[in-house]
Structure formats: structure tokens, C-alpha cells
Amino acid sequence: IPSFSIFYVIIKSGPGSGKGTQCAYIVENYGYTHLSAGDLLRAEIKSGSENGTMIQNMIKEGKIVPSEVTIKLLQRAIQENGNDKFLIDGFPRNEENRAAFESVTGIVPEFVLFFDCPEEEMERRLLSRNQGRDDDNIETIRKRFNVYMESSLPVIEYYNSKGKVRKIDAAKPVEEVFEDVKAVFIPLHE
Ligand code: UP5
Ligand code: MG
């Protein structure tokens, strides 16, 4: 892994806050490669890998898949891709994920984009997404919110203490949220 040449940004927010949606815009405008940890895990289930059933059960329960599994998938995706600018979406999800990724790869994020959105709005979005995700049902959504509050928010607090968090109001319409996202990226690409 070409550690220090990689410029990467973490997109770190709650379920349904719009991480995937905004990443698509950032990719289009600023040439990053988007790596969604959730998408990589779902692809691993589809590929019929030996970990597939374990991953599927954990996602169904809204639980965090063991770090070594997710980190291996992210590392492979980074290595297979020629780009040197990555958006890591939805990872690290807990303190252990963060510490393991930093010690295994030696890379730390340039900054962390945090999409702030009320839980009721995230719930509404997930329930109307209709993409056939196993975890978009009300029981799993509640579990995802609990795991997010307990395990993922402390990671944002950690990055905040390092001055890395850029907070965006994600409750607005998609285009308006992207205007605020742009304000974060423009200075880096002038
Ligand atoms: N939408 C988006 N923006 C909108 C806006 N501004 N206004 C109105 N609607 C908006 O958006 C969700 C829906 O809302 C879409 O229909 C969209 O059109 C609309 P999306 O951009 O898909 O939101 P996103 O934040 O990406 O939501 P997602 O459900 O993907 O977030 P999660 O964090 O829950 O899911 P993820 O795929 O990252 O993880 C799933 C599971 O995988 C986890 O629960 C966990 O079990 C496992 N996992 C791990 O174990 N480890 C990891 O490292 C990562 C995942
Ligand atoms: Mg997503």
C-alpha cells in the first residue's frame, strides 16, 4: 500500500444521511475513487466468499463486521485502483476499526466529512430507499442507529479532537448539501 501518497477523506455519518449520494457527486467533480465499506461487504456476500454468511448475518443485525475482514477489502480495493485520492465511506465504524486501519496501513485521513442529520429524517430516507437492502427494515434500522450512537459517534468525537471534522447540514435537499460539500473541497483543488 503506497501509504503516504494517498490522500483520503472519510465520509462518516449516520445510516441514510446521504453518504453514498454525496460521494457520487464528489467523484464526478473532484476525481476521487469512492470506496463504500458497506458496498464492499455486500459485494463479498454476493461473490460467495467463505465469510459471506457471517457478513450477511452481521449486516442483518446492524452489527459491525470484524475489522480484519473490512480492512482487507479496503486494502485490496485501494491497491487494485490506480488513483491516489480516496473517499472512504462508512468506515471506521468504531474505535477498534479506526486504530486497526491506521496501524495496518499507516495512513490517517486528511479530513472527515460528517453529515449531520436528524434520526427521523434518516429513518424516512432508509424506509423509502427501495433498493432491496436486507437492512432497510425498521427493526434493523433501529439497531443500526443504536450501533451508530454507541460506537460510531465516539470515532467522530476522536477526529473532532484532532481538528479533522468538517460538519455539514445533511437534512437539506441533495443539491443544497452538495453546495456545502463543495465549499470543503474547492480550496483543496484550486
Ligand atoms: N437521500 C440522500 N440524500 C438525501 C437528501 N439530501 N434529501 C433527501 N433524500 C436523500 O441515501 C439514503 C437514501 O436517502 C437514498 O434513497 C437517497 O436517495 C436519499 P444514501 O446516500 O444511500 O445514504 P447513506 O448514508 O449512504 O446510507 P447507508 O444506508 O448506505 O448508510 P449505512 O452507514 O447504514 O450503510 P453502509 O452500507 O455503510 O453499512 C451497512 C452495514 O454494513 C452496517 O450496518 C454494518 O453492519 C456493515 N458495515 C460494517 O460492518 N463495517 C463497515 O466498515 C461498514 C459497514
Ligand atoms: Mg451508503
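The shown structure was predicted, so the numbers you read here are calculated from the model rather than taken from an experiment. (Residues numbered from 1 in each chain as written. Chains lettered and ligands numbered in written order. Predicted model: local features only at pLDDT ≥ 70, side-chain atom pairs only at ≥ 80, totals over all residues.)

Q: Before we go on, may I ask you to explain the overall build of the protein chain in this structure?
A: A count of helices and strands for the protein chain gives 8 helices and 5 strands. Counted from the first residue to the last, the protein chain has its helices and strands arranged as β-α-β-α-α-α-β-α-β-α-α-β-α. Taking all 190 residues of the protein chain together, 31% fall into the buried category. Taking all contacts inside the protein chain whose residues are at least 6 apart in sequence as the whole, residues at least 24 apart take part in 80%. (Helix = DSSP H or I, 4+ residues; strand = E, 2+ residues; numbered from the N terminus. Buried ≥ 20, exposed ≤ 12 C-beta atoms within 10 Å, placed from the backbone. Contact = placed C-beta atoms within 7 Å.)

Q: Looking at this structure, I do not really get the site of ligand 1. What am I missing?
A: Around ligand 1 there are 30 residues in total, and P15, G18, G38, G90 and R125 lie nearest to it. Elements represented by at least two residues in the shell around ligand 1 include exactly α1 (19-30), α2 (37-46), α3 (52-60), α6 (119-127) and α8 (174-185). (Near = placed C-beta within 6 Å.)

Q: Please clarify how the UniProt feature "binding site: ATP" (unreviewed entry) in the protein chain should be interpreted in this entry.
A: UniProt records the feature "binding site: ATP" (unreviewed entry) at G16, S17, G18, K19, G20, T21, R129 and K172, using the numbering of this structure. By the secondary structure assignment, T21 is in helix α1. Among the residues examined, T21 registers 15 C-beta atoms within 10 Å and is labelled partly exposed. Here R129 lies in the loop between α6 and α7 (138-161). (UniProt positions renumbered as here; feature names shortened; annotations may be inferred.)

Q: Would you mind going over the nonpolar core with me for this structure?
A: For soluble globular proteins, nonpolar side chains are generally found buried alongside one another. In this structure, I11, L41, L74, L87, I88, L113 and I168 are the most contacted members of the largest nonpolar core, which totals 36 residues. For this core, the leading source of residues is strand β4 (residues 111-116), giving 4 residues. (Core = buried A, V, L, I, M, F, W, Y, C linked by C-beta atoms within 7 Å.)

Q: Is there a simple way to explain the confidence of the model for the protein chain in this structure?
A: Detailed conclusions should not be drawn from predicted coordinates in areas where pLDDT is low. Averaged over every residue, the pLDDT of the protein chain is 94; the share at 70 or more is 97%. Across the interface, the model reports ipTM at 0.98; the global pTM reads 0.95. (pLDDT = per-residue confidence, 0-100.)

Q: Explain the sheet that holds strand β2 (residues 33-36) to me, please; I cannot follow it from the model alone.
A: The pairing of strands in a sheet happens through backbone hydrogen bonds and is either parallel or antiparallel. Reading across from one edge, β2-β3-β1-β4-β5 is the order of the 5 strands in this open sheet, with parallel pairing throughout. Since the sheet does not close on itself, it has two edges, and those belong to β2 and β5 (165-169), each with one partner. The sheet shows a mean angle of 20° between the axes of neighbouring strands, taken without regard to direction. With 4 bridges connecting them, β2 and strand β3 (residues 85-89) associate as parallel partners. Its bridge partner lying in β3, T33 is registered against F86. Along the sheet, α2 makes contact with β2 and β3, crossing β2 at roughly 65°. (Pairing = 2+ DSSP bridges. Axes fitted to C-alpha atoms, helices over the stretch in contact; angles between N-to-C directions.)

Q: So what exactly am I meant to see when it comes to the UniProt feature "binding site: CMP" (unreviewed entry) in the protein chain here?
A: UniProt tags N97 as "binding site: CMP" (unreviewed entry). Setting aside anything within four residues of it in sequence, one finds N97 in contact with S67, T70, F91 and P92.

Q: Honestly, unusual backbone geometry in this entry has me stumped. Any pointers?
A: Phi is mostly negative for residues that are not glycine, and the peptide bonds are mostly trans. Each neighbour pair has its own omega, and for F91 with P92 the value is 0°, a cis peptide bond. Locating P92 in the fold gives a position in the loop between β3 and α5 (95-105). Here N130, not a glycine, exhibits a phi torsion of approximately 55°, which is positive. Mapped onto the elements of the fold, N130 is located in the loop between α6 and α7.

Q: Would you explain the packing of α1 against α8 in this entry?
A: Working note: a packed helix pair is described by the angle between its axes plus the distance between those axes. The contact between α1 and α8 brings their axes to 10 Å, and the two run at 50°. One finds that α1 runs oblique with respect to α8. The handedness of the crossing between α1 and α8 is right-handed. In this structure, α1 uses T21, Q22, Y25, I26 and Y30 to contact α8, whose residues at the interface are V174, V177, F178, V181 and F185. (Parallel < 35°, antiparallel > 145°, perpendicular 65-115°, else oblique. Left-handed = near helix turned anticlockwise from the far one by under 90°.)

Q: Even after reading the chapter, I still don't get the environment of Y32, so can you show me in this structure?
A: You can see Y32 is positioned in the loop between α1 and β2. For Y32, the contacting residues outside a window of four places in its chain are I26, V27, K85, F86 and L87.

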